[in-house]
Amino acid sequence: MDLVFGLLWFLTVFLEDIYCQGVYAPPTVRIVHSGHACNIEEERYTERVYTIREGETLELTCLVTGHPRPQIRWTKTAGSASDRFQDSSVFNETLRIAKIQRHQGGRYYCKAENGLGSPAIKSIRVDVYYLDDPIVTVHQSIGEAKEQFYYERTVFLRCVANSNPPVRYSWRRGREVLSQGSDKGVEIYEPFFTQQGETKILKLKNLRPQDYANYSCIASVRNVCGIPDKNVLFRLTNKTASPTIKLLVEDPIVVNPGQTVTLVCITSGGEPTPTLTWVRNLEPLPEKSVLNGGTLTLPAITSEEAGVYSCVANNNVGNPAKKSTTIIIRALKKGRFWITPDPYHNDDNIQIGREVKISCQVEATPPEELMFSWLKNGRALRSSERMVITQTDPDVSPGTTNLDIIDLKFTDFGTYTCMASLKGGGIPEISIDVNISSTTVPPNLTVPRGKSPLVTQEGDTVELQCLVSGKPKPIILWSRADKEAPMPDGNMQSESYDGVLRIVNVSREMTGSYRCQTSQYNGFNVKPREAIVELIVQYPPTVEPVFTEIRQGISRTFSMNCRVLRAHPHKVLKYEWRLGNRVLSTGLVDSRDETEYNVRSLNREGYGEYTCDISNEAGAGRCSFLVTGKAYAPEFYYDTYSPLWQNRPRVYDFKLQWTQMNPNAVDRIMAYRLGFRQTGQQRWWEQEIPIEGVIQKGELITYNLTELIKPEAYEVRLTPITRFGEGDSTIRIVKYSAPINPHLREFHCSFEEEPICMFTQEKGDDFDWTRHSAATRDTKYTPNTGPSSDRSGSKQGFYMYIETSRPRLEGEKARLLSPTFNVAPKSPYGATNSAYCFSFYYHMYGKHIGTLNVYLRQKGQAASDSPIWTLSGNQGDRWRQAKVNIHPISSFQMVLEGIRGPGIEGDIAIDDVTIEEGVCGDPPPNNLRNMAPPTATHIRQLYVTLLLALFSLRR
């Protein structure tokens, strides 16, 4: 009996090792497409090209394998550098672009990565097809012939249409098709490439009466993607002429703000009648503008609406006509003044008997309408020998007036007013008062005691101050003295009327030297006075890590480290470690700018949030560590077929498989809490799955979900449980994916629908099978191979075939995999003797036909695919049926392999694939024997056989 239990124990361990094996695998990826494709060219120049019509829906799906479940990311390399997929990525299996536009063509990449090995990347190039309406433009050439007394007139009609693929053009005169050589007076230039696309030019030499007619340009892309031809009609007459226009307005137009401006443009010539449009510089017209034919109205105009407005006339004959006018809005901006003491005596003071100049400057639009006048104590002042008034000083910018007072007398003290106005009126005038008296003194600038250096903390509001004296008191200009950098308001200089610079929410980048200096305006025009203010901004330490999660089991040893990146001041930094509200350790940060805390043996009280505060005078920076014993989330295994197909009509089973992320990081997982509910429902059903022993990294754990209602989908939640409590949960959706026919005994596929009955392309083959119908397949280049209809004789019906045209090479393989079929065991020991009949129709016509092979692939079999049928060479232009018996003992797939022959006339097609329960009736002869089940006994049969033998031996 001990021998029996020993063998049972050995088999249990052996089976468990096979049952829960490491399944971590790097990602693989392939791209499948749906939507409204016009054409799919497989592996052209080592890439897939997916052709779609503009305005249709692009839908690409990235199918991945690998464990843990890879993260999928779609990116795009655009056809032009200006479009980079909107500088974004799509983190989803399916990329869907509704109403795709031409600029969205390009190469799309699907990238999958799960941290194992290199990321898997596949790409597909999307070619968007379109055809715009063509445009005909007419140009004429007039030259004098030397030998004859007449003018030859030659006319060129050029047709342009933007398209993809390149457009093909044709010309008609009335109903007559024009071609090169059909008319001596006509020449047709073949397409050549320009910046606007491919063009075709019709040249009419020395116009004749019959040349005055209707001309049609037809643009065609040969109906690719179902894009119809487009045409445009142009009527050429003896009156055809390029446009001419007139502007019924002045140039420039000077108006006051708030006025309504009307611009009128009329055509004075041109056939056909030109269309008139208005444009403003390179900007759009103002929103409130009103267009009525050639009349543009701008109500209540503002200074922002000033500029050059152009009327453009176009009738596609010759060059467009264009005439422009400039709208100027009157404006006066507040001016400035400055006082210049006697420049000849190098003195900053105003003294009796010396010369004084008062300058006044105003910005005006238009500047030529600017007028100045001067007042003294409110009375008009005229220019004289001692009071000299000049306008527009050549040494300064325009719009300046000067009042020179020569030989200053006591009676000259008073208030001088500079008055500025515009000739056109309608704009309020500006007045600037300047006081000249015995108390007028030049400025002096100082920094108050204790205001430099100024120490503040980040986030505060700080005021930098310079004391300024003098009469009149000048404006103070602030700027950075230590570097070329803008001020807090974004300008290189900031103005202050009281000498104070106020900075709100000061930041560490604002530390440095600031210069305050007197301006030359609104004060004395003397050498600027300046001073320096130092600003020091203190800020608390910046530390890392800001937050870290640490997962540890009971009795583990680990360390936590908090490091200072930057701080000011940096001399004395203190640290304090806490667990919750309990202080663990305090001290000074070492010379390495970091502090460490060690936990020697973790206990239950040691779980929680650890914080390390590192502080200086400005505040503290905090590192946080959350120490838990929570188990990491389980990782569902997705690389298996989802449901277990059953013949039971109402329910299905699902084999839930997962691995545990980092199982050794925390205490042993004792159980899983399994929750599930129907999608859309609120209530969760829960149960516990106990776990014996220690889970190893990569171990595949399995649990069968039974009695799931067809065809409902379920949300499944899995939560690991340790001594600490519940860990992180993982949720996935379980979907029922029924076979095309509900019972295996009547599976049939004719490839009429896009999902092709869940057939898939083999990942490691050389190229793919293609789904097509005779109605859509282009056999122009290979007319002597492939079927002319599907198996039923319909040209609209679909089938699968291998395209053997270039770049395919001899010997390359395309493999098509059927869905996985589950075989329900019929004996109590798991064995099955079920026979199935696999049948299909094949079409192998062409002088270069290669080979068509069929294999049986069984789950769990170590051997390679079992060959069950093969055929090579030309079989004639007709569909033939093949039948073969198979005897699978486990879940299985059928593999159909097409091998390319020596040339391009070697297309092989298949249709109407059927799997039926039972033996085939009258199977046709085949050149391979039907393969019996593999000789290797199933592991469960071995297990049961050994048990029976041992019990028999015991008896």
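For every chain, the first residue of the written sequence is number 1, and numbering continues from 1 onward in sequence order. Totals for whole chains, interfaces and linings use every residue, but because this is a predicted model, local features are given only for residues with pLDDT of at least 70 and side-chain atom pairs only at 80 or more, for both listing and counting. Hydrogens and water are ignored here; the side-chain numbers use all heavy atoms of the structure.

Observations concerning the overall build of the protein chain
Looking only at helices and strands, one finds 2 helices and 70 strands in the protein chain. For the protein chain, buried positions account for 44% of its 955 residues. Reported accessibility uses the Shrake-Rupley method at a 1.4 Å probe radius. Residues are deemed covered only where the shown protein chains occlude them. A total of about 50500 Å² of accessible surface is found on the protein chain, and carbon and sulfur atoms cover 49% of it. Put simply, DSSP H or I for four residues or longer makes a helix, DSSP E for two residues or longer makes a strand, and each gets a number counted from the N terminus. Only protein chains enter the accessibility calculation, which uses a 1.4 Å probe. A residue is then buried if its area is under 20% of the maximum for its type, exposed if over 50%, and partly exposed in between.

Considering the state of the cysteines
Any cysteine sulfur atom paired with another within 2.5 Å is treated as part of a disulfide. If you walk through the whole model with that rule in mind, you get 7 disulfides. Across the disulfide, Cys 466 is cross-linked to Cys 516 (sulfur-sulfur distance 1.9 Å). Taking the sign of the S-S torsion, -85° for the link of Cys 466 and Cys 516, the bridge is left-handed. In this pair, Cys 466 sits in the loop between β36 (462–465) and β37 (467–471) while Cys 516 sits in strand β41 (residues 512–518), placing the two residues 50 residues apart along the sequence. For the pair Cys 466 and Cys 516, a shared accessibility class is recorded, and that class is buried. Paired through a disulfide, Cys 562 and Cys 623 show a sulfur-sulfur distance of 2.1 Å. Judged by the torsion about the S-S bond (75°), the Cys 562/Cys 623 disulfide is right-handed. A residue pair is termed long-range when its members are at least 10 positions apart, and Cys 562 in strand β45 (residues 558–568) and Cys 623 in strand β50 (residues 619–628) qualify at 61 residues. Look at Cys 562 and you get buried, because its relative accessible area is 0%.

A word on the packing of aromatic side chains
Think of it this way: a Phe, Tyr or Trp ring, Trp meaning its six-membered ring, pairs with another when their centres are within 6.5 Å, and the plane angle makes it stacked under 30 degrees, edge-to-face over 60, tilted otherwise. The tally for this structure, following the rule as stated, stands at 14 aromatic pairs. Ring centres 5.6 Å apart and planes at 40° place the aromatic pair Phe 838 and Phe 840 in the tilted group. Like Phe 840, Phe 838 is buried. Put simply, the rings of Trp 577, Tyr 597, Tyr 610 and Phe 625 pair up and form one aromatic cluster. Two limits define a charge over a ring: the Lys NZ or Arg CZ must be within 6 Å of the ring centre, and within 35 degrees of the ring normal. When the ring centre of Tyr 539 is taken as origin, the NZ or CZ atom of Arg 508, which lies over that ring, is 3.8 Å away. When the ring centre of Tyr 841 is taken as reference, the NZ or CZ atom of Arg 791 above it lies at 4.3 Å.

Concerning the pattern of salt bridges
Put simply, a salt bridge is a Lys or Arg side-chain nitrogen that is within 4 Å of an Asp or Glu carboxyl oxygen. Scanning all chains against the criterion turns up 43 salt bridges. With its nearest N and O atoms 3.7 Å apart, the salt bridge here joins Glu 283 to Arg 280. Note that Asp 407 is salt-bridged to Lys 409, the shortest N-O span being 3.4 Å.

Things to note about the environment of Ser 289
Along the chain, the position of Ser 289 falls in the loop between β21 (275–280) and β22 (290–292). Note on Ser 289: relative accessible area 19%, which makes it buried. As a C-alpha pair, Ser 289 and Val 261 span 28 residues in sequence and 9.8 Å in three-dimensional space. Beyond its immediate stretch of four places on either side in the chain, Ser 289 contacts Leu 296, Thr 297, Leu 298 and Pro 299. There is a polar contact of 2.6 Å between the side chain of Ser 289 and the backbone oxygen of Pro 286. Two residues form a contact once any of their heavy atoms are found within 4.5 Å. Each polar contact in these results corresponds to two N or O atoms within 3.5 Å; when the atoms are within protein, one needs to be able to donate a hydrogen and the other to accept it, and residues that are neighboring in sequence are counted only if both atoms are side-chain atoms.

Considerations on unusual backbone geometry
Of note, the bond from Ser 452 into Pro 453 is cis; its omega dihedral lies within 30 degrees of zero at 0°. A cis amide bond links Lys 710 to the next residue, Pro 711, at an omega of -10°. Secondary-structure assignment places Pro 711 in the loop between β56 (701–709) and β57 (714–722). In this model, Arg 222 sits at a positive phi of 60°, which is unusual for a non-glycine residue. Residue placement: Arg 222 occurs in the loop between β16 (214–220) and β17 (230–235). According to the relative accessible area criterion, Arg 222 is partly exposed, its value standing at 39%. The residue Ala 300 is not glycine, and still its phi comes out positive at about 45°. For Ala 300, the location among the structural elements is in the loop between β23 (295–298) and β24 (307–314).

Notes on the nonpolar core
Phe 759, Phe 838, Phe 840, Leu 852, Trp 869, Met 894 and Ile 910 are the most contacted members of the largest nonpolar core, which totals 35 residues. Looking at which element gives the most residues to this core, the answer is strand β65 (residues 836–844), with 5 residues. When sequence neighbours within four positions are dropped, the list of residues in contact with Leu 852 reads Trp 769, Phe 840, Tyr 842, Met 844, Trp 869, Thr 870, Leu 871, Glu 897, Ile 908 and Ile 910. Side-chain atoms within 4.5 Å are what join buried Ala, Val, Leu, Ile, Met, Phe, Trp, Tyr and Cys residues into a set we call a nonpolar core. Core analysis: the second largest hydrophobic core is formed by 29 residues, Phe 372, Tyr 416, Ala 420 and Ile 427 among them.

A few points about the sheet that holds strand β25 (residues 321–329)
By this definition, two strands are paired if DSSP reports at least two bridges between them. The strand order across the open sheet formed by 4 strands is β19-β25-β24-β21, and the pairing between neighbours is mixed. Sheet topology places β19 (253–255) and β21 at the edges, where each strand pairs with a single neighbour. Each adjacent strand pair in this sheet contributes to an overall mean axis angle of 25°, direction not counted. Pairing geometry for β21 and β24, over 6 bridges, is antiparallel. Of the residues in β24, the one forming a bridge with Trp 278 is Cys 311. Orientation is described by axes fitted as lines to C-alpha atoms, over the contacting stretch for helices, and by angles from 0 to 180 degrees between their N-to-C directions.

Some words on the side chain of Ser 513
Here Ser 513 is to be found in strand β41. A distance of 2.5 Å separates the side chain of Ser 513 from the side chain of Glu 534, its partner in a polar contact. Look past the residues within four positions of Ser 513 in its chain and what remains in contact with it is Ser 479, Arg 480, Ala 481, Asp 482, Ile 532, Val 533 and Glu 534.

Regarding the sheet that holds strand β13 (residues 176–178)
Pairing is antiparallel in the open sheet, where 4 strands are placed in the order β13-β12-β16-β17. What marks the edges here is a single partner per strand, and that holds for β13 and β17. Between one strand axis and the next, the sheet turns through 30° on average, direction left out of account. Note: strand β12 (residues 168–173) against β16, 6 bridges, orientation antiparallel. Across the sheet, residue Arg 172 finds its bridge partner in β16, namely Ser 216.

Here's the deal with the confidence of the model for the protein chain
Scored by pLDDT, the protein chain has a mean of 84; 85% of the residues are at 70 or more. Note that residues 79–88 has pLDDT below 50 and, in this model, 14 contacts with residues that lie over four places away or in other chains. Scored from 0 to 100, pLDDT records how confident the predictor is in each individual residue. Contacts of residues 144–151 to residues separated by more than four positions or lying in other chains number 5 contacts, the stretch itself having pLDDT below 50.

Digging into the environment of Ile 124
Of note, Ile 124 is situated in strand β8 (residues 120–131). Considering only alpha carbons, one finds Ile 124 and Val 32, 92 residues apart in sequence, at a separation of 9.5 Å. Other than its neighbours up to four places away in sequence, Ile 124 contacts Ile 31, His 33, Arg 48, Tyr 50, Leu 60, Gly 106, Arg 107 and Tyr 108.

So, the environment of Tyr 801
Tracing the backbone shows Tyr 801 in strand β63 (residues 798–802). One polar contact links Tyr 801 to Glu 803, side chain to side chain, over a distance of 2.9 Å.

A few points about the pairing of strand β40 (residues 500–503)
Along β40, the buried face is formed by Leu 501 and Ile 503; none of Val 500 and Arg 502, which line the opposite face, is buried. The sheet contact formed by β36 and β40 spans 4 bridges and is antiparallel. Paired with Glu 463 across the bridge in β40 is Arg 502.

Remarks on the side chain of Thr 518
Note on placement: Thr 518 falls in strand β41. Under the relative-accessibility criterion, Thr 518 is labelled buried at 5%. Not counting the four nearest positions on each side in its chain, Thr 518 is found in contact with Pro 443, Leu 445, Val 468, Pro 474, Ile 475, Ile 476, Pro 528 and Arg 529.

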